[in-house]
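Working through the structure, step by step
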Amino acid sequence: MLKGITVTAPVLLTLPSRRVWGADGNCTISAMTSANLSRPERTASCEGCTPGYWMNNPGQWPETFDPGTPYAEKGSNCFNKDGTPFHADYLFEKSVNANFADLTLMQVMRRARCKDTKDVYSDPFELGFHAAAALLNAADPRVEFGYGWSEIVEIYNARVHDDQEGLRADLIMLNERYCPLAADDSL
C-alpha cells in the first residue's frame, strides 16, 4: 500500500514575450546586457542619440513631440513653455518628479544649461534628461532603438521611485549608441 503519493498533471504556462533581437537588429535592455555573455560574436544595429544631440538639434525631433521655441535672445540656452510637456497625460506621471511639473521635454533636457531653471529643479540622477532622450529615440522611425515611446514611459514610471541608479544606467546604455541622424544646426 502506497501512502502520500500525489499524482499531478503537467502544467504548461505561456507568457507573452518580446523578441530580444528584432529582424531589423533592434536592441532592448535585456539584449544589450545579456548578448555579450551568451553570443559575444553577435552584433546588432542598435541606435540611439544622446540627450545632447536631441537638446542641440530640435529640428530633428520626431513629429510626435514638439521641442518648443527658444527664447528670443540670441545665444540663450532656454526654451519657452510652448513645447510638449514632460508630464503630459500620456507621458511621465506627475507624481514621479514634481520638479518637472511645469516644464516641457526640452526644458527638462536643457535644465542645467538654462539660467532660469539651473538651480530651481533638482534631478540628481539626470533621469529626466535621459528619459526625454530615450522617448525621442523611441518615437523616431529613423532610429533603430528597440522600444516604442510608450514602452519608455512605462519603464520610467515603473522604476523611477525604486531603482534610480539602475534606470539611469539603462537609459544611458540605450541613448549612447550610434546616432544615425545628422546635426541640423538649428541652435
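Residues numbered from 1 in each chain as written. Predicted model: local features only at pLDDT ≥ 70, side-chain atom pairs only at ≥ 80, totals over all residues. Heavy atoms only, no water.

**Remarks on the state of the cysteines**
- Scanning the model with the defined rule gives one disulfide in all.
- Paired through a disulfide, C49 and C179 show a sulfur-sulfur distance of 2.0 Å. The chirality of the disulfide connecting C49 with C179 is right-handed, given an S-S dihedral of about 80 degrees. Remark: C179 occurs in the segment after α6 (164-175) and C49 occurs in the loop between α1 (29-38) and α2 (51-56); sequence separation between them is 130 residues.
- The exposure class of C49 is buried, given its relative accessible area of 0%. (Disulfide = S-S within 2.5 Å. Helix = DSSP H or I, 4+ residues; strand = E, 2+ residues; numbered from the N terminus. Buried < 20%, exposed > 50% of the residue type's maximum accessible area, 1.4 Å probe, protein only.)

**Looking at the pattern of salt bridges**
- Summed over the entire model, instances satisfying the criterion amount to five salt bridges.
- As a salt-bridge pair, R142 and D140 come within 2.6 Å of each other at their nearest N and O atoms.
- On the basis of relative accessible area, D140 is assigned to the buried category, the value being 2%.
- With a shortest N-O distance of 2.8 Å, D163 and R159 are connected by a salt bridge. (Salt bridge = Lys/Arg side-chain N within 4 Å of Asp/Glu carboxyl O.)

**Concerning unusual backbone geometry**
- One non-glycine residue, E126, adopts positive backbone phi at about 55 degrees.
- Positionally, E126 belongs in the loop between α3 (105-109) and α4 (127-139).

**What to know about the environment of F125**
- Relative to the helices and strands, F125 is located in the loop between α3 and α4.
- For F125, a relative accessible area of 25% gives the class partly exposed.
- When the C-alpha positions of F125 and Q164 are compared, they lie 7.0 Å apart, and in sequence the two are 39 residues distant.
- The contact partners of F125, leaving out residues within four places of it in the chain, are H130, Q164, E165 and R168. (Contact = heavy atoms within 4.5 Å.)

**Here's the deal with the packing of aromatic side chains**
- Tallied over the full model, the rule gives five aromatic pairs.
- With 6.2 Å between their ring centres and 85 degrees between their planes, F86 and Y156 make a pair best called edge-to-face. Of the two residues, F86 is situated in the loop between α2 and α3 and Y156 in helix α5 (residues 149-159); the sequence distance between them amounts to 70 residues.
- In this structure Y156 comes out as buried when scored by relative accessible area, which is 1%.
- An aromatic cluster of at least three residues, connected via ring pairs, comprises F86, F92 and Y156. (Phe/Tyr/Trp six-rings, centres within 6.5 Å; stacked < 30°, edge-to-face > 60°.)

**Focus on the confidence of the model for the protein**
- Of all residues in the protein, 66% have pLDDT values of 70 or greater, and the mean over the chain is 77.
- Across residues 6-26, where pLDDT falls below 50, the model places 25 contacts with residues more than four positions away in sequence or in other chains. (pLDDT = per-residue confidence, 0-100.)

**Details of the nonpolar core**
- Core analysis: the biggest nonpolar cluster contains 39 residues, and W54, F92, L105 and M109 have the highest contact counts within it.
- Counting only elements with at least two residues in this core, the list comes to α2, α3, α4, α5 and α6.
- Of the residues forming this core, the biggest block, 10 residues, is contributed by α4.
- Setting aside residues up to four positions removed in sequence, W54 forms contacts with C49, Q60, W61, P62, M106, M109, A133, L136, N137, D140 and L181. (Core = buried A, V, L, I, M, F, W, Y, C linked by side-chain atoms within 4.5 Å.)

**Description of the packing of α5 against α6**
- Closest axis-to-axis distance for the α5/α6 pair is 9 Å, and the angle between their directions is 160 degrees. Comparing the axis directions of α5 and α6 gives the class roughly antiparallel. Along its contact with α5, which presents I152, I155, Y156 and R159, the element α6 presents Q164, G166, L167, D170 and L174.
- Residues that form the contact of α5 with α6 fall into these classes: five nonpolar, two polar and two charged. (Axes fitted to C-alpha atoms, helices over the stretch in contact; angles between N-to-C directions. Parallel < 35°, antiparallel > 145°, perpendicular 65-115°, else oblique. Nonpolar A, V, L, I, M, F, W, Y, C, P; charged D, E, K, R; others polar.)

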